[in-house]
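Summary of the model geometry
As a plain string of letters, each chain reads:
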2 protein chains.
Amino acid sequence: MPPTPSLQLDRFVPYRLSVLANLVSSAISGAYAERYSLSIPEWRVIAALGEQPGMSAADVAARTAMDKVAVSRAVAALLRARRIVRTQSRRDRRRSVLRLSRTGAALYARVVPQVLEYEAALLGVLGRDERRALDRLLEKLTRRAGELTPCIIARLAPNAR
Amino acid sequence: MPPTPSLQLDRFVPYRLSVLANLVSSAISGAYAERYSLSIPEWRVIAALGEQPGMSAADVAARTAMDKVAVSRAVAALLRARRIVRTQSRRDRRRSVLRLSRTGAALYARVVPQVLEYEAALLGVLGRDERRALDRLLEKLTRRAGELTPCIIARLAPNAR
DNA sequence: CGCAAATGGTTACAATTGCAACCATTATAC
DNA sequence: GTATAATGGTTGCAATTGTAACCATTTGCG
């Protein structure tokens, strides 16, 4: 009987999740990074705007779970490359209104099928029921992780902001 | 019929995996980072050595899916803090032999229950069958992602090293 | 109204990270 | 055997990233 409850790394779900997510992320970014010189945050912004045009930077950040600084930098790079265009909201002059440019939309249209193809290849090992189970598990775990995180932060840093 | 097969970010498994893994990782690191001033790579090295003492840096890298540079730096920091000790392999004088120091082992013993507790809380939303399903899915997807990654790399960068 | 607080967004600076080059040692080929 | 390649590990440098501070605008409230 070990004095410490034993931790087996490759039975440990957080670790396994991290390894899997990293594998998948780097494979996906391989599908556009070099080819179109597009960083991961830049791609995320493009993906968000391709799905729902007209969002502000803050909307994009919320939508993609990115940091607002990361969004700001990605937006700056995409503007420089003329892959998106930015206007100002009339109602709230702080808010930007972001859209894909023609170039950006073309890029989006080229990359989307590739990443979907990757996803299909990945999920190809799963049967219909397994996919449904995966969907459900991701949903449940993400919700629970979201509930757990602020609480842990509060517990460990009760004085935080 | 859209000209582009549509990408819905929150139906897209790679994206969902990444969000979940980030949530979980930051929650976990919250359990030791501040408290023991231990970075994520440092904790990974500790965890690997706690589970299997005597590994070399390369072994640790393989075991934890970390970059060898990251391991090297984490090892340097842990040596400075006297949380691990390093000797040299007699048979191969390039290889290091790493072990937790008494301090490191104590740290390990204190952190392990916390991270296990977090894992238990996370998995608490799942029933027995769901946990089994999760285990199986993680295994299948990780294996598949591993198979897919080199192939994609090869396809996109046929001239790579 | 008028002031404090909140929000959107950017910038500066420091800390992390990744990549390539490197040294030392060991394995392989001739 | 020696030359060459491969492996273990570290370091330097550049790029990425996170944090905090900041400006502008808007919101909430007395």
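Remember, predicted model here, so these are calculated numbers, not experimental data.

Considerations on the overall build of chain A
- Regarding its fold elements, chain A presents 7 helices and 2 strands.
- When the helices and strands of chain A are read in sequence order from the N terminus, they spell out α-α-α-α-α-β-β-α-α.
- For chain A, the residues scored as buried account for 28% of the 161 residues in total.
- Summarising the internal contacts of chain A: among those between residues at least 6 apart in sequence, 47% fall at separations of at least 24.

Section: the interface of chain B and chain A
- With 59 residues of chain B at the contact, the number on the chain A side is 60 residues.
- Counting residues per element, the ones that place at least two in the side of chain B that touches chain A are helix H1 (13–30), helix H2 (33–36), helix H3 (40–51), helix H6 (102–123) and helix H7 (128–156) of chain B.
- When residues of the side of chain B that touches chain A are assigned to their parent elements, the largest contribution, 16 residues, is made by H7(B).
- Across the side of chain B that touches chain A, the residue classes tally to 40 nonpolar, 10 polar and 9 charged.

Considering the protein's contact with DNA strand D
- In the vicinity of DNA strand D there are 20 residues, among which A:Arg93, B:Ser56, B:Ala57, B:Ala58 and B:Ser72 approach most closely.
- For the surface near DNA strand D, the secondary structure elements donating two or more residues are helix H3 (40–51) and helix H5 (68–80) of chain A together with helix H4 (57–64) and helix H5 (68–80) of chain B.

Considerations on the protein's contact with DNA strand C
- Near DNA strand C there are 20 residues, and of these A:Ser56, A:Ala57, A:Ala58, A:Ser72 and B:Arg93 occur at the shortest range.
- Among the secondary structure elements, those contributing two or more residues to the surface near DNA strand C are helix H4 (57–64) and H5 of chain A together with H3 and H5 of chain B.
- When residues of the surface near DNA strand C are assigned to their parent elements, the largest contribution, 5 residues, is made by H5(A).

Digging into the confidence of the model for chain A
- For chain A, the mean per-residue pLDDT works out to 89, and 89% of the residues sit at or above 70.
- Note on residues 151–161 of chain A: pLDDT under 50 across the span, and 9 contacts to partners over four residues away in sequence or across chains.

A look at the relation of the copies chain B and chain A
- With an axial shift of 0.0 Å and an RMSD of 0.1 Å, the rotation relating chain B to chain A amounts to 180°. When the rotation and shift are considered jointly, the pair of chain copies conforms to a two-fold rotation axis. Within chain B, the C-alpha atom positioned nearest to the axis of rotation is that of B:Ala21, 3.3 Å from it.
- Most of the interface of chain B is mirrored in chain A: 100% of its interface residues are interface residues there too.

Points about helix H6 (residues 102–123) of chain A
- Across its 22 residues, H6(A) extends 32 Å between first and last C-alpha, which sits within 8% of the 32 Å expected from 1.5 Å per residue.
- Listed as buried for H6(A) are A:Gly104, A:Leu107, A:Val111, A:Val112, A:Val115, A:Tyr118 and A:Leu122.

Describing the packing of H3(A) against H4(A)
Residue and element names in this part refer to chain A.
- Remark: H3 packs on H4, axes separated minimally by 10 Å, with the N-to-C direction vectors making an angle of 100°. Classed by the angle they form, the pair H3 and H4 counts as roughly perpendicular. Where H3 approaches H4, its residues Arg44, Val45 and Ala48 are matched on the opposing element by Val60, Arg63 and Thr64.
- Each residue belonging to the contact of H3 with H4 can be placed in one class, and the counts come to 3 nonpolar, 1 polar and 2 charged.

Some thoughts on the packing of helix H1 (residues 13–30) of chain A against H1(B)
- At a minimum axis distance of 9 Å, the contact between H1(A) and H1(B) shows a crossing angle of 140°. The angle between the axes of H1(A) and H1(B) places the two elements in the oblique class. Crossing handedness for the pair H1(A) and H1(B): left-handed. Residues A:Pro14, A:Leu17, A:Ser18, A:Leu20, A:Ala21, A:Val24, A:Ser25 and A:Ile28 of H1(A) form the contact with H1(B), whose participating residues are B:Pro14, B:Leu17, B:Ser18, B:Leu20, B:Ala21, B:Val24, B:Ser25 and B:Ile28.
- Split into classes, the residues belonging to the contact of H1(A) with H1(B) amount to 12 nonpolar, 4 polar and no charged.

What about the environment of A:Ile40?
- In this structure, A:Ile40 sits in helix H3.
- Residues A:Ile40 and A:Gly54, 14 residues apart in the sequence, show an inter-C-alpha distance of 21 Å.

Section: H4(B)
Residue and element names in this part refer to chain B.
- All of the buried residues along H4 are Val60, Ala61 and Thr64. For H4, the arc enclosing every buried residue in end-on projection is 100°, short of the 170-degree limit, so these residues lie on one face.
- Of the surrounding secondary structure, the elements contacted by the buried residues of H4 are H3, H5 and strand S2 (96–100).
- Two residues or fewer after H4 comes Ala65, characterised by a positive phi angle close to 60°.

What about the environment of A:Val125?
- The residue A:Val125 is located in the loop between H6 and helix H7 (128–156) in this model.
- Accessibility expressed as a C-beta count within 10 Å gives 15 for A:Val125, which makes it partly exposed.
- Leaving out residues up to four positions away in the same chain, A:Val125 has contacts with B:Lys140 and B:Arg144.

Reading the values: the criteria
- Residues numbered from 1 in each chain as written.
- Chains lettered and ligands numbered in written order.
- Predicted model: local features only at pLDDT ≥ 70, side-chain atom pairs only at ≥ 80, totals over all residues.
- Helix = DSSP H or I, 4+ residues; strand = E, 2+ residues; numbered from the N terminus.
- Buried ≥ 20, exposed ≤ 12 C-beta atoms within 10 Å, placed from the backbone.
- Contact = placed C-beta atoms within 7 Å.
- Nonpolar A, V, L, I, M, F, W, Y, C, P; charged D, E, K, R; others polar.
- Near = placed C-beta within 6 Å.
- pLDDT = per-residue confidence, 0-100.
- Least-squares fit on C-alpha atoms with pLDDT ≥ 70 in both.
- Expected span 1.5 Å × (residues − 1).
- Axes fitted to C-alpha atoms, helices over the stretch in contact; angles between N-to-C directions.
- Parallel < 35°, antiparallel > 145°, perpendicular 65-115°, else oblique.
- Left-handed = near helix turned anticlockwise from the far one by under 90°.
- Arc of directions from axis to C-beta.

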